[in-house]
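Close look at the chain arrangement
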Amino acid sequence: MTMFQQIFFDCDSTLTTIEGIDELAKEPKLKARIEHLTKEAMLGRLDFRDALQKRLELLRPTRKDFQNIGLHYIKNTFPGAKELITFLKQRQKQVYIVSGGFKTAILPFAAHLGIPEHNVFANEVVFDKQGHLQKLNFNNPLIHTNGKAQFMRSHRLLNPHKKTAFIGDGVTDLATAPFVNRFIGFGSVQIRPRVRAKSRHFFTDENLLKLLPLLT
């Protein structure tokens, strides 16, 4: 029986093997630039909001593009992710996604994994009538480098008696550690040196079901 009542997952490079926004760049030079911005943000060397804005300005994605990211997420589900989430839910555990990615893209993936929409927290975008990106929701805390930490701090204040675990690969995930009962650094897709160095628990197995010992 798992000891944590609430388990929070990052999305990109954790529940799925890809970084969704990187999938939108097809031209090699643009793809390399987008991937560099993603890497710098995940390593904490570039402000998350700035990196997000720069990537969107370069890509100019449409609603259809975000829907395609969702399909890529599903095709690249990390092995064992769906089975682990099913196992946790069968034992009355609450499972969440907290991501710096985009809710429009993540919701179909969450449905595939069996995570309800009201347990998905991510950045929000507004489209015009033609389906082109109009603006980001700058009031969403997850747009900031410390957004996940802010989110988990608020959650802890509202749920002081719930034992929580957070699993993620980036420094924005690592920042949640003071506000959860257990932070698990995720290195099975990408190993971020700072996350590995600062994580008491660090996961590198090739199947997410092997995470269970860290949740018991």
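Along each chain, residue indices are assigned from 1 in the same order as the chain's sequence is written. A pLDDT threshold of at least 70 governs which residues receive local features in this predicted model, and a stricter bar of 80 or more applies before side-chain atom pairs are shown or counted, although totals over entire chains, interfaces and linings include all residues. For the side-chain quantities, the full set of heavy atoms in the structure was used; hydrogens and water were omitted.

**Comments concerning the pairing of strand E2 (residues 94–102)**
Here the term buried applies to any residue with accessible area under 20% of the maximum for its type, exposed to any over 50%, and partly exposed to those in between, with areas from a 1.4 Å probe on protein chains only. Numbering goes from the N terminus for both helices and strands, where a helix is a DSSP run of H or I of at least four residues and a strand is a run of E of at least two. For E2, a buried count of eight out of nine residues is recorded, marking the element as mostly surrounded by other parts of the structure. Any two strands with at least two DSSP bridges between them are considered paired. Strand direction decides the pairing type here: strand E1 (residues 6–9) and E2, joined by four bridges, are parallel. Bridge assignment links Phe8 to a residue of E2, and that residue is Tyr96. As paired elements, E2 and strand E3 (residues 120–123) share three bridges and run parallel to each other. By the bridge assignment, Phe102 is partnered in E3 with Asn123.

**Details of the packing of aromatic side chains**
Aromatic pairing here means that ring centres of Phe, Tyr or Trp (its six-membered ring) are within 6.5 Å. Orientation follows from the plane angle: under 30 degrees is stacked, over 60 is edge-to-face, and everything else is tilted. Inspection of every chain in the model, using the stated rule, returns 10 aromatic pairs. Seen in terms of ring centroids, Phe8 and Tyr96 are 4.4 Å apart; in terms of plane orientation they differ by 10°. Their pairing is stacked. Here the residue Phe8 occupies a position in strand E1, and Tyr96 occupies one in strand E2, the gap between them amounting to 88 residues. Both residues of the pair, Phe8 and Tyr96, belong to the buried class. Here the aromatic residues Phe8, Tyr96, Phe121, Phe151, Phe166 and Phe183 are joined through ring pairs into a cluster of three or more. To sit over a ring, a charge needs its Lys NZ or Arg CZ within 6 Å of the ring centre and within 35 degrees of the ring normal. We note Arg91 situated over the ring of Phe87; from NZ or CZ to the ring centre the distance is 3.6 Å.

**Comments concerning the nonpolar core**
Residues belong to a common nonpolar core when they are buried Ala, Val, Leu, Ile, Met, Phe, Trp, Tyr or Cys residues joined through side-chain atoms within 4.5 Å. Counting 49 residues, the largest nonpolar core has Phe9, Leu15, Leu208 and Leu211 as the members making the most contacts within it. Residues count as neighbours in contact if any of their non-hydrogen atoms are within 4.5 Å of one another. Every residue in contact with Leu15, bar those within four places of it in the chain, is listed here: Phe9, Asp10, Thr77, Phe78, Ala81, Ile85, Ile97, Phe109, Leu113 and Leu208. Counting 12 residues, the second-largest nonpolar core is a separate cluster that includes Tyr96, Val98, Leu142 and Phe151.

**Observations regarding helix H1 (residues 28–42)**
Every helix has an expected span of 1.5 Å times one less than the residues it contains. Given a rise of 1.5 Å per residue, 15 residues ought to cover 21 Å, and the 21 Å separating the end C-alpha atoms of H1 matches this to within 8%. Here H1 has its buried residues at Ile34, Leu37, Thr38, Glu40, Ala41 and Met42. Between the side-chain oxygen of the N-cap and the backbone nitrogen of Lys29 there are 3.2 Å, and the N-cap of H1 in question is Glu27. N or O atoms closer than or at 3.5 Å make up a polar contact, with two conditions inside protein: a donor-capable atom paired with an acceptor-capable one, and, for residues adjacent in sequence, both atoms drawn from side chains.

**Some thoughts on the sheet that holds E1**
Adjacent strands of a sheet pair through backbone hydrogen bonds, lying either parallel or antiparallel. With parallel pairing, the six strands of this open sheet are ordered in space as E3-E2-E1-E6-E7-E8. One side of each edge strand has no neighbouring strand; the edge strands of this open sheet are E3 and strand E8 (201–203). With direction set aside, neighbouring strand axes in the sheet form an average angle of 20°. Bridge count for strand E7 (residues 182–186) against E8 is three bridges, and the pairing is parallel. Considered in E8, the bridge of Phe186 is made with Phe203. Interaxial angle, 0 to 180 degrees, is taken between N-to-C directions of lines fitted to C-alpha atoms, where a helix line uses only the stretch in contact.

**Remarks on the pairing of strand E6 (residues 164–168)**
Most of E6 is tucked away, with five of its five residues classed as buried. Side chains Thr164, Phe166 and Gly168 of E6 all project onto a buried face; the interleaved residues Ala165 and Ile167 project onto the opposite face, where all are buried too. Judged from the four bridges that link them, E6 and E7 form a sheet pairing that is parallel. Considered in E7, the bridge of Ala165 is made with Arg182.

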